[in-house]
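Observations on the three-dimensional arrangement
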Amino acid sequence: DVKVTQSSRYLVKRTGEKVFLECVQDMDHENMFWYRQDPGLGLRLIYFSYDVKMKEKGDIPEGYSVSREKKERFSLILESASTNQTSMYLCASSSPSHGELFFGEGSRLTVL
Amino acid sequence: EDQVTQSPEALRLQEGESSSLNCSYTVSGLRGLFWYRQDPGKGPEFLFTLYSAGEEKEKERLKATLTKKESFLHITAPKPEDSATYLCAVQGRGSNYKLTFGKGTLLTVNP
């Protein structure tokens with residue numbers, strides 16, 4: 001089975017702090033994604049990566065950056081956390097030959 | 001721009017009462033339509049992929065169907081453990097592997 005592991009299930013940070021969310025997948029997938037999920041807004045794509053060191057902006061990249069130094073690992077970085085970044089963050093991976101995304105358990109971030 | 005609309009937003013059923021969830025979509029060249037199940041506080045769990053109109057997929061009490069404009073997730077004789085949010089997503093040919101998600105249908109099955 002595909003396993004996508006997110007490093008932290010719950011985080012509480014203060015406004016202005018730098019936040020790292022880590023994601024690791026074990027299926028050798030080329031594509032990795034970061035979404036955020038908010039009530040009433042659904043899942044929105046922040047960034048995705050189709051190869052090591054490659055990244056593309058999604059629909060809501062402002063305030064976020066990403067890093068993919070190894071194929072299995074994709075990190076989401078909040079340079080200066082703000083309260084409107086309080087959300088559930090979901091990492092996913094997929095292979096180019098199959099479109100379905102496999103998600104991690106999610107990281108619930110609260111920014112105070 | 002790809003768009004997905006799911007209805008209803010919420011659905012309450014009695015155990016054993018069959019029903020359907022709807023997913024309407026607009027996409028420039030469908031590469032795939034996906035159904036997911038999401039339990040509270042967890043990540044979405046992949047259920048089905050449908051690629052072309054007329055295709056059907058089944059898994060236990062769930063059956064997904066696809067037309068050129070919409071997909072249905074039929075739930076036959078549901079049980080309380082089927083309670084979850086069901087998400088629909090599409091991938092268009094110009095999407096570069098991205099999926100566009102609907103907002104989901106919250107299904108509650110009462111015993």
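This is a predicted model, so every value here is computed, not measured.

Reading guide: rules and limits
Residues numbered from 1 in each chain as written. Chains lettered and ligands numbered in written order. Predicted model: local features only at pLDDT ≥ 70, side-chain atom pairs only at ≥ 80, totals over all residues. Heavy atoms only, no water. Helix = DSSP H or I, 4+ residues; strand = E, 2+ residues; numbered from the N terminus. Rg over C-alpha atoms; globule rule 2.2 N^0.38 Å. Buried < 20%, exposed > 50% of the residue type's maximum accessible area, 1.4 Å probe, protein only. Contact = heavy atoms within 4.5 Å. Lys, Arg positive; Asp, Glu negative; His and termini not counted. Charge placed at Lys NZ, Arg CZ, Asp CG, Glu CD. Salt bridge = Lys/Arg side-chain N within 4 Å of Asp/Glu carboxyl O. Disulfide = S-S within 2.5 Å.

What to know about the overall build of chain B
Scanning chain B from terminus to terminus reveals 0 helices and 11 strands. Of the regular secondary structure in chain B, the N- to C-terminal order runs β-β-β-β-β-β-β-β-β-β-β. Taken against the 2.2 N^0.38 rule, which gives 13 Å for 111 residues, the C-alpha radius of gyration of chain B at 13 Å falls within 12% of a compact globule. A principal-axis box enclosing the C-alpha atoms of chain B has dimensions of 45 × 30 × 20 Å. For chain B, with 111 residues in total, the buried portion stands at 46%. Look at the contacts in chain B between residues 6 or more apart in sequence, and 55% of them connect residues 24 or more apart. Of the side-chain charges in chain B, 14 are positive and 14 negative, and the distance between the mean point of each set is 5 Å.

A closer look at the environment of V27 of chain B
Residue and element names in this part refer to chain B. Within the fold, V27 resides in the loop between β3 (19-26) and β4 (30-38). Residue classification places V27 among the partly exposed residues on the basis of a relative accessible area of 23%. C-alpha separation for the pair V27 and G94, spaced 67 residues apart in sequence, amounts to 9.2 Å. Excluding its chain neighbours within four sequence positions, the residues that come into contact with V27 are D2, Q91 and G92.

What to know about the pattern of salt bridges
Counted by the stated rule, this structure contains 11 salt bridges over all chains. The residue R36 of chain A makes a salt bridge to D38 of chain A at a minimum N-O spacing of 2.9 Å. A residue is classified by how much of its surface remains accessible, and R36 of chain A, at 8% relative accessible area, is buried. Exposure remark for D38 of chain A: the relative accessible area of 11% places this residue in the buried category. Its salt-bridge partner being K57 of chain B, residue E55 of chain B comes within 3.6 Å of it at the nearest N-O pair. One salt-bridge network, in which partners are shared between bridges, spans D28, E30 and K71 of chain A.

Brief notes about the state of the cysteines
Taken as a whole and judged by the stated rule, the model has 2 disulfides over all chains. Between the sulfur atoms of C23 of chain A and its disulfide partner C91 of chain A the distance amounts to 1.9 Å. Between C23 of chain A and C91 of chain A the disulfide shows an S-S torsion of about -80 degrees. By sign, it is left-handed. Here C91 of chain A lies in strand β9 (residues 87-95) and C23 of chain A lies in strand β3 (residues 19-25), a separation of 68 residues in the sequence. Like C23 of chain A, the residue C91 of chain A is buried in the burial classification. The partner cysteine of C23 of chain B in its disulfide is C88 of chain B, sulfur to sulfur 1.9 Å. Disulfide C23 of chain B to C88 of chain B: torsion about the S-S bond roughly -65 degrees, handedness left-handed. Of this pair, C23 of chain B sits in strand β3 while C88 of chain B sits in strand β9 (residues 84-92), and the two are 65 residues apart along the sequence.

Some points on unusual backbone geometry
In this structure, P8 of chain B follows S7 of chain B across a cis peptide bond, with omega equal to -10 degrees. Mapped onto the secondary structure, P8 of chain B falls in the loop between β1 (3-7) and β2 (10-14). At K53 of chain A, a position not held by glycine, the phi torsion is positive, near 65 degrees. Among the secondary structure elements, K53 of chain A is positioned in the loop between β5 (42-51) and β6 (54-57). Residue K53 of chain A is classed as exposed on the basis of its relative accessible area, which comes to 58%. Notably, A77 of chain B is not glycine yet its phi reads approximately 45 degrees, a positive angle. Mapped onto the elements, A77 of chain B comes out in the loop between β8 (70-75) and β9.

Any functional reading would require information beyond the geometric quantities listed.
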